Amino acid sequence: AQTVTQSQPEMSVQEAETVTLSCTYDTSENNYYLFWYKQPPSRQMILVIRQEAYKQQNATENRFSVNFQKAAKSFSLKISDSQLGDTAMYFCAFISLYNNNDMRFGAGTRLTVKP
Amino acid sequence: EADIYQTPRYLVIGTGKKITLECSQTMGHDKMYWYQQDPGMELHLIHYSYGVNSTEKGDLSSESTVSRIRTEHFPLTLESARPSHTSQYLCASSPLGASLNTGELFFGEGSRLTVL
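Residues numbered from 1 in each chain as written. Chains lettered and ligands numbered in written order. Predicted model: local features only at pLDDT ≥ 70, side-chain atom pairs only at ≥ 80, totals over all residues. Heavy atoms only, no water.

Asks: I'm lost on the state of the cysteines in this one. Help?
Replies: Disulfide: a covalent bond connecting the sulfur atoms of a pair of cysteines. All names here are of chain A. Tallied over the full model, the rule gives two disulfides over all chains. A sulfur-sulfur distance of 2.0 Å marks the disulfide that ties Cys23 to Cys92. Here Cys23 and Cys92 share a disulfide; its torsion about the S-S bond, -70°, makes the bridge left-handed. Residue Cys23 is found in the loop between strand 3 (19–21) and strand 4 (24–26), and its partner Cys92 is found in strand 10 (residues 88–96); the two are separated by 69 residues along the sequence. (Disulfide = S-S within 2.5 Å. Helix = DSSP H or I, 4+ residues; strand = E, 2+ residues; numbered from the N terminus.)

Here's what the structure looks like:
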């Protein structure tokens, strides 16, 4: 079974600085998607960034980028120029192309951006 | 923001009561899901559906039941609530077709249930 591990329960960063959230996963499959979701306090979870496992190039969305290391099964999220609105829970998630009924989530990292 | 809605957002109820958590989406998605979320823990899938009249149990055993009579509606019911059911319940949806299915889930804002 696939598992997703986020080893940082909480992190903080000063506004305008850069922070990296860690995620590792375990799977025997070769084709899958990886995601970072953001859940602001009392608001719905939204997709931040997505990575297809077959793509070697790291995904980037504005201030958000990932470092995808397939052999190491590592998928970290870098947030540049942190903003107060980035304060949220961040969940790393995995879904297999062969069993796409069950997205696996990590336990989350609570990120606080300080002014 | 995604067009998926959950009601109630917050519910405090006594032991033994029957409750229904509502979830509706206006995106025409075939697949819908219910996740249970506890603080500091990963989300766990408790139910999912491929479409109308389809319901399946997820990997986390749950005493709740679901129904899918209409594409847009996926309610979750607890016949007799207990304190162990206290949690946040997240509804999500995604399209079914291979060309549309990027794996992304669209989430509601959640229903936080407290059973006294």
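Asks: How do you make sense of the nonpolar core when you look at a structure like this?
Replies: Most often, soluble globular proteins keep nonpolar side chains buried together rather than apart. Within the largest apolar cluster, 25 residues are counted, with the highest numbers of intra-cluster contacts made by Tyr25, Trp36, Phe75, Leu77 and Tyr90 of chain A. Looking at this core, the elements that each hand over two or more residues are strand 3, strand 5 (32–39), strand 6 (46–52), strand 8 (64–69), strand 9 (74–79), strand 10 and strand 12 (109–114) of chain A. In terms of residue count, strand 10 of chain A provides more of this core than any other element does, four residues in total. Not counting chain neighbours up to four residues away, the residues in contact with Tyr25 of chain A comprise Thr3, Val4, Tyr32, Leu34, Phe68, Gln69, Lys70, Lys73, Ser74, Phe75 and Phe94 of chain A. Core analysis: the next-biggest nonpolar cluster, separate from the first, contains 19 residues, Phe105 of chain A together with Tyr33, Tyr35 and Ala92 of chain B among them. (Core = buried A, V, L, I, M, F, W, Y, C linked by side-chain atoms within 4.5 Å. Buried < 20%, exposed > 50% of the residue type's maximum accessible area, 1.4 Å probe, protein only. Contact = heavy atoms within 4.5 Å.)

Asks: Explain the pairing of strand 11 (residues 111–115) of chain B here, please?
Replies: Regular strands show a simple pattern: their side chains alternate between the two faces of the sheet. Residues and elements named next belong to chain B. Covered by surrounding structure in strand 11 are Ser111, Leu113 and Val115 only, the residues Arg112 and Thr114 on the alternate face being uncovered. Pairing between strand 2 (residues 10–13) and strand 11: four bridges, direction parallel. If you follow Leu11 over to strand 11, its bridge partner there is Leu113. Looking at chain direction, strand 9 (residues 87–94) and strand 11 are connected through three bridges and run antiparallel. Paired with Ser87 across the strands is Leu113, a residue of strand 11. (Pairing = 2+ DSSP bridges.)

Asks: Would you explain the environment of Gln88 of chain B in this entry?
Replies: Here Gln88 of chain B is to be found in strand 9. Assessed through its relative accessible area of 9%, Gln88 of chain B is described here as buried. Taking C-alpha positions, Gln88 of chain B is 25 Å from Gly28 of chain B, a pair spaced 60 residues apart along the chain. In this structure, Gln88 of chain B is in contact with Gln39 of chain A together with Tyr35, Gln36, Gln37, Glu109, Gly110, Ser111 and Arg112 of chain B, ignoring residues within four places of it in sequence.

Asks: Any chance you could explain the environment of Gln2 of chain A here in plain terms?
Replies: All names here are of chain A. Within the fold, Gln2 resides in the segment before strand 1 (3–5). Sequence separation between Gln2 and Val13 is eleven residues; the distance between their C-alpha atoms is 30 Å. In this structure, Gln2 is in contact with Asp26, Thr27, Glu29, Phe94, Ser96 and Arg104, ignoring residues within four places of it in sequence.

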